[in-house]
Amino acid sequence: MRILVVEDEEAIARGLRFNFEREGYQVDLVSSGPAALELYESAQPPIDLVVLDLMLPEMSGYEICRALRRLDLDIPVLALTARTLSEDKIQAFDCGVDQYMTKPFSLPELLSRVRNLLDKRRRHLDRRTVRPTEDIVRFSDVAVDFGRFELRHLEEVHPLTTREQELLRYFLENDGVVLSRARLQSEVWKDSADISSRSIDNFVMRLRRMIEDDPSSPRHLLSVRGTGYRFVREPVTDPAAAEAEK
Ligand code: CA
């Protein structure tokens, strides 16, 4: 199980890492919101729990938690804070925090809450992998395993980040439909992150490298000039056209 610790006080961060690692968890430390969200989105294997300090520079822990919730409704979040007012707790729970501890906290209690949240997480993941067949989608020589965040193309296996997987799922759900970058931004990115057209294009390029036999002349993930993209699950093979291209 992998824990992301978002904490700007170095001594506390190091102490948490030491103790979590001793429990056998994999630990990532970051000290700001943007770094936390970036790591969360690209982490492979995915993060299983976020330990979040609420008082941080740049983005507050409340904002970070709201942003995390837009990416994943189920990721457990344990907030740490020096604040003890009940309004602060209410605000934290309103932002989607699962557990809340005030500093200075008791280490055994923190570890026990973490164990608890991770047990729940494990059960949640197990339930998801019990139905493997409906979570695997195939087209051409590609098999996408949504339960495992994995894509197979011929003999190659590619791990998928949460966002890559969501984008691919959206394309699959909209087979043959022209999707503008604006629509992808609002449907896949939920307008939350400041995602540029160029980064959408980068995501598409990464998917092409995974699913296309020849990413430079894609057959599934087509560009629609000036607009965006169109995914075609079963491209029509026209021998005459193929011949003419030679
Ligand atoms: Ca702090």
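Please read these numbers as outputs of a predicted model, since none were measured by experiment.

A. Representation of the side chain of S32 within the structure. Inspection of the secondary structure puts S32 in the loop between strand 2 (26-30) and helix 2 (33-42). The class of S32 is buried, set by a relative accessible area of 11%. When sequence neighbours within four positions are dropped, the list of residues in contact with S32 reads V6 and E58.

B. The arrangement of unusual backbone geometry in detail. In the segment running from Q44 into P45, the intervening peptide bond is cis, with an omega of 5 degrees. Here P45 shows up in the loop between helix 2 and strand 3 (49-53). A cis amide bond links K103 to the next residue, P104, at an omega of -5 degrees. Take P104: it is sitting in the loop between strand 5 (99-102) and helix 5 (107-129). Phi at E58 is positive, roughly 65 degrees, even though this residue is not glycine. Counting through the fold element by element, E58 comes out in the loop between strand 3 and helix 3 (61-71). By relative accessible area, E58 is classed as exposed at 66%. The phi torsion at S140 lies on the positive side, around 45 degrees, for a residue other than glycine.

C. Structural detail: the sheet that holds strand 11 (residues 221-224). Across the sheet, three strands lie side by side as 10-12-11; this open sheet has antiparallel pairing. Unpaired on one side and paired on the other, strand 10 (178-180) and strand 11 mark the two borders of the sheet. Ignoring which end each strand starts from, the neighbouring axes of this sheet average 35 degrees apart. For strand 10 and strand 12 (residues 228-231), the ladder comprises three bridges, and the chain directions are antiparallel. By the bridge assignment, L179 is partnered in strand 12 with Y229. Across the sheet, helix 6 (residues 162-173) is in contact with strand 10, strand 11 and strand 12; its angle to strand 12 comes to roughly 65 degrees. Strands in contact with helix 8 (residues 197-211) are strand 11 and strand 12; relative to strand 11, the strand with the most contacts, it is inclined by about 145 degrees.

D. Highlighting the pairing of strand 3. For strand 3, the tally of buried residues reaches five of five residues, placing the bulk of the element in the interior. Of the two faces of strand 3, the one lined by L49, V51 and D53 and the one lined by V50 and L52 are each fully buried. One ladder, built from four bridges, connects strand 1 (residues 2-6) with strand 3; its direction is parallel. Counterpart to I3 in the pairing with strand 3 is L49. Pairing analysis gives four bridges linking strand 3 to strand 4 (residues 77-81), with the strands arranged parallel. Directly across from D53, in strand 4, lies its bridge partner L80. One crossover worth recording links strand 3 to the parallel strand 4 by way of helix 3, and it is right-handed.

E. Highlighting the domain arrangement of the protein chain. The domains assigned to the protein chain are domain 1 (2-128) and domain 2 (133-245). Measuring from the centre of the C-alpha atoms in domain 1 to the corresponding centre in domain 2 gives 32 Å. Across the contact, six residues belong to domain 1 and nine residues belong to domain 2. Where domain 1 touches domain 2, the interface holds one salt bridge. E41 is the partner of R163 in a salt bridge, and the nearest nitrogen-oxygen pair spans 2.9 Å. Summed over the shared surface of domain 1 and domain 2, the result is two residue pairs in polar contact (both at pLDDT 80 or more). Breaking the side of domain 1 that touches domain 2 down by element, the ones donating at least two residues are helix 2 and helix 3. Residue classes in the side of domain 1 that touches domain 2 are distributed as one nonpolar, two polar and three charged.

F. Looking closely at helix 6. With 12 residues, helix 6 should reach 16 Å at 1.5 Å per residue; the first-to-last C-alpha distance of 16 Å fits that figure. Of all the positions in helix 6, only R163, E164, Q165, L167, L168, Y170, F171 and L172 are classed as buried.

G. Spatial organisation of the sheet that holds strand 1. The strand order across the open sheet formed by five strands is 2-1-3-4-5, and the pairing between neighbours is parallel. Strands with a single pairing partner mark the edges of an open sheet, and in this sheet they are strand 2 and strand 5. The sheet shows a mean angle of 15 degrees between the axes of neighbouring strands, direction not considered. Strand direction decides the pairing type here: strand 1 and strand 2, joined by five bridges, are parallel. Along strand 2, the bridge assignment pairs V5 with L29. Where helix 1 (residues 10-22) meets the sheet, it contacts strand 1, strand 2, strand 3 and strand 4, and its direction lies at approximately 170 degrees from that of strand 2. Helix 2 contacts strand 1, strand 2 and strand 3 of the sheet and is inclined by roughly 165 degrees relative to strand 1.

What counts and what doesn't
- Residues numbered from 1 in each chain as written.
- Predicted model: local features only at pLDDT ≥ 70, side-chain atom pairs only at ≥ 80, totals over all residues.
- Heavy atoms only, no water.
- Helix = DSSP H or I, 4+ residues; strand = E, 2+ residues; numbered from the N terminus.
- Buried < 20%, exposed > 50% of the residue type's maximum accessible area, 1.4 Å probe, protein only.
- Contact = heavy atoms within 4.5 Å.
- Pairing = 2+ DSSP bridges.
- Axes fitted to C-alpha atoms, helices over the stretch in contact; angles between N-to-C directions.
- Right-handed = clockwise from strand over helix to strand, strands pointing away.
- Domains from an automatic or database assignment.
- Salt bridge = Lys/Arg side-chain N within 4 Å of Asp/Glu carboxyl O.
- Polar contact = N/O pair within 3.5 Å; in protein donor to acceptor, adjacent residues only side chain to side chain.
- Nonpolar A, V, L, I, M, F, W, Y, C, P; charged D, E, K, R; others polar.
- Expected span 1.5 Å × (residues − 1).

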